[in-house]
Amino acid sequence: MKVLLGVTGGIAAYKAAELTRLLQAAEVEVQVAMTAAAEEFVRPLTFAALTGKQVLGSLWQPQVQGEAEFAIEHIAVAQAIDALVIAPATANSLAKLAHGLADDLLSTVYLATEAPVLVAPAMNVNMWNHPATQANLRVLADRGVEIVPPGAGYLACGMTGSGRLAEVEAIAAAVLARLARRQDLAGEHVLVTAGGTREAIDPVRFLGNRSSGKMGHALAAAASERGARVTLVTASGLAGPPRQETVRVNTAAEMRAAVFERLDRATVVIGAAAVADFRMREVAPEKLRRSGRMTLEFEATEDILAEAVERRRPGTLVIAFAAETADLAANARAKLLRKGADAIVVNDVSVAGLGFDSERNAGLWLTRETTEAFEESSKQVMAERILDRVKRLRTATFVSAETELAQP
Ligand SMILES: Cc1cc2nc3c(=O)[nH]c(=O)nc-3n(C[C@H](O)[C@H](O)[C@H](O)COP(=O)(O)O)c2cc1C
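A. Here's a closer look at the sheet that holds strand β5 (residues 146–147). On the basis of which strands lie adjacent, the open sheet formed by five strands has the order β2-β1-β3-β4-β5 and parallel pairing. The sheet is open, and its two edges are formed by β2 (29–34) and β5, each paired on a single side. As paired elements, strand β3 (residues 83–89) and strand β4 (residues 117–121) share four bridges and run parallel to each other. Its bridge partner lying in β4, Ala 89 is registered against Pro 121. Its contacts with the sheet put helix α1 (residues 15–25) on β1 (2–7), β2 and β3, and the angle it makes with β1 is roughly 175°. Against the sheet, helix α8 (residues 168–182) makes contact with β1, β3, β4 and β5, and its axis sits at roughly 165° relative to β3, the strand it touches most.

Here you go:
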């Protein structure tokens, strides 16, 4: 595993040397990038000697001689790494990351990489407590950046409070845990449905719903990043994860056909789409004209998720989604049992700013035996939490299968 360790300009910059050693001891290949301010605190030579590699500093004077002579260094580095770790992270650098500024090598790599990012902030207590810093941290956390929080105590500036770089052992442990998670879905083929289907009424109108597809797309992206093969069957116009299969559909019938063509390959099915429950009994061939009163006749669509439970191969996990406005837990548990799924994620869509067509979500995770709450977060963070639980279900399934096999 390769890590780019970004060192920014704070007193704690010297601790990055110890962090380098700890990561190397865990067989992580470390390359260091320093901001200009960091070089005021520690000489690049320290890190070059520890890592045996040139330290990356300037966007304009590439250090790494790649095979391609004209390789653009920050892009090549961004693509080659398994994680970007910034420790210590100054208030200034956190602000740059939160706002997408890319005026040096480190901040440019941050924008260009798809690898997970961890930051370990270190600064004066007032800088830490400042609303600007706290807002920047929230933005980063919402985008899936892992924050290794600082400790409290006596600070180099002479003040006491929060802002002390986390212990390097804790930072190394967080990096190693994240790297382990990086490929924890390798071997799985995750089939995700996303978006709200559209059922034609006539050639110009449709019956739809408010689902944007953001939750399903976040799940597909996160599963892909964690090493799974992904098939995304989506009724949303959002982009699918790169290098994975994205199938575009409109109606419930098209979604059903796309899912069952691919079900045999799936080891996990996540039904995040808001599939129409009804469609027109007959779609009007011509545009319907205005009239005093109109009666449209609908029929029920097929239940894709219940059918997936019936037709799945043994061992395939099926995760349902429910959008509820009241009695979340009771309604979701009833749906879980009715469909026979392994777990269900329930969103409270009655709260403004959460669930449908928003960037954030909250809800519950229910298995047949357990109920857990998902605190409000971005959909990216919620996707990771859902996949953590899918992983846990998978491990539990293995254990129970092994126990069964072990029995005479
Ligand atoms: C002696 C000294 C110590 C500093 N320590 C910190 C620090 O611990 N945390 C921090 O956020 N900024 C600290 N700063 C301020 C940063 O160095 C400054 O904001 C700089 O622009 C950061 O640049 P960078 O984020 O590109 O590394 C310190 C400045 C000085 C002069």
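There's more to say after this.
B. Spotlight on the packing of α1 against helix α2 (residues 44–51). Two numbers describe how α1 lies on α2: the axes approach to 10 Å, and their chain directions differ by 10°. Regarding the angle of α1 to α2, the classification is roughly parallel. For the pair formed by α1 and α2, the contact residues are Ala 17, Thr 20 and Arg 21 on the first element and Thr 46, Phe 47, Leu 50 and Thr 51 on the second. Residue classes in the contact of α1 with α2 are distributed as three nonpolar, three polar and one charged.

C. Representation of the site of the ligand within the structure. Around the ligand sit 15 residues, and of these Thr 8, Gly 9, Gly 10, Ala 37 and Thr 90 come closest. At three residues, helix α4 (residues 91–99) tops the list of elements feeding residues into the shell around the ligand. Across the shell around the ligand, the residue classes break down as eight nonpolar, seven polar and no charged.

D. Focus on the packing of α4 against helix α7 (residues 131–142). Following both chains from N to C, one finds α4 and α7 inclined at 45°, their axes separated by 9 Å at the closest point. Between α4 and α7, the angle falls in the class oblique. In this structure, α4 meets α7 at a crossing whose hand is left-handed. Across the interface between the two elements, Ala 91, Leu 94, Ala 95, Leu 97 and Ala 98 of α4 pack against Ala 132, Thr 133, Asn 136, Leu 137, Val 139 and Leu 140 of α7. Tallied by class, residues from the contact of α4 with α7 come to nine nonpolar, two polar and no charged.

E. Fine view of helix α11 (residues 304–311). Of the residues making up α11, those classed as buried are Ile 304, Leu 305 and Ala 308. Projection of α11 onto a plane perpendicular to its axis shows the buried side chains occupying an angular sector of 95°, all on one side. In this fold, the buried residues of α11 make contact with α10 (252–262), β13 (268–271), β16 (317–324) and α12 (328–339).

F. Layout of the domain arrangement of the chain. By the assigned domains, the chain splits into domain 1 (2–182) and domain 2 (189–406). Between domain 1 and domain 2, the C-alpha centre-to-centre distance is 37 Å. Facing six residues of domain 1, the contacting portion of domain 2 comprises eight residues. Counted by class, the side of domain 1 that touches domain 2 contains no nonpolar, one polar and five charged residues.

G. Fine view of the nonpolar core. One finds Val 192, Leu 219, Met 255 and Ile 344 to be the most contacted residues of the largest nonpolar core, which totals 55 residues. Setting aside residues up to four positions removed in sequence, Leu 219 forms contacts with Val 192, Ile 270, Ala 272, Ala 383 and Ile 386.

H. Region of interest: unusual backbone geometry. Residues Ala 87 and Pro 88 are joined by a peptide bond in cis, for which omega reads -5°. By the element assignment, Pro 88 lies in strand β3. Even without glycine at this site, Glu 27 takes up a positive phi of about 65°. Mapping Glu 27 onto the fold places it in the loop between α1 and β2. By C-beta crowding, Glu 27 is classed as exposed, having 8 other C-beta atoms within 10 Å. Within the chain, Arg 243 stands out as a residue other than glycine whose phi angle is a positive 65°. By the element assignment, Arg 243 lies in the loop between β11 (229–234) and β12 (245–248). Since 8 C-beta atoms lie within 10 Å of it, Arg 243 is described here as exposed.

I. Quick peek at the sheet that holds β11. Strand order in this open sheet of eight strands is β12-β11-β8-β13-β16-β17-β18-β19, and the pairing throughout is mixed. Two strands in the sheet have a free side with no partner beyond their single neighbour: β12 and β19 (371–378). If you compare each strand with its neighbour and ignore which way they point, the axes differ by 15° on average.

J. α4, seen in detail. Listed as buried for α4 are Ala 91, Ser 93, Leu 94, Lys 96, Leu 97 and Ala 98. Where α4 is buried, its residues contact β3, α5 (105–112), β4, α6 (125–129) and α7. The first or second residue beyond α4 is Gly 100, which carries a positive phi of 75°.

K. Highlighting the environment of Leu 56. Locating Leu 56 in the fold gives a position in the loop between α2 and α3 (73–80). You can call Leu 56 buried: it has 25 C-beta atoms within 10 Å. Distance in space between the C-alpha atoms of Leu 56 and Ser 212 is 41 Å, their sequence separation being 156 residues.

L. Here's a closer look at the environment of Tyr 14. Structurally, Tyr 14 is set in the loop between β1 and α1. With 353 residues separating them along the chain, Tyr 14 and Thr 367 place their C-alpha atoms 47 Å apart. Not counting residues up to four positions away in its chain, the partners in contact with Tyr 14 are Phe 41 and Val 42.

Cut-off values and rules
- Residues numbered from 1 in each chain as written.
- Predicted model: local features only at pLDDT ≥ 70, side-chain atom pairs only at ≥ 80, totals over all residues.
- Pairing = 2+ DSSP bridges.
- Helix = DSSP H or I, 4+ residues; strand = E, 2+ residues; numbered from the N terminus.
- Contact = placed C-beta atoms within 7 Å.
- Axes fitted to C-alpha atoms, helices over the stretch in contact; angles between N-to-C directions.
- Parallel < 35°, antiparallel > 145°, perpendicular 65-115°, else oblique.
- Nonpolar A, V, L, I, M, F, W, Y, C, P; charged D, E, K, R; others polar.
- Near = placed C-beta within 6 Å.
- Left-handed = near helix turned anticlockwise from the far one by under 90°.
- Buried ≥ 20, exposed ≤ 12 C-beta atoms within 10 Å, placed from the backbone.
- Arc of directions from axis to C-beta.
- Domains from an automatic or database assignment.
- Core = buried A, V, L, I, M, F, W, Y, C linked by C-beta atoms within 7 Å.

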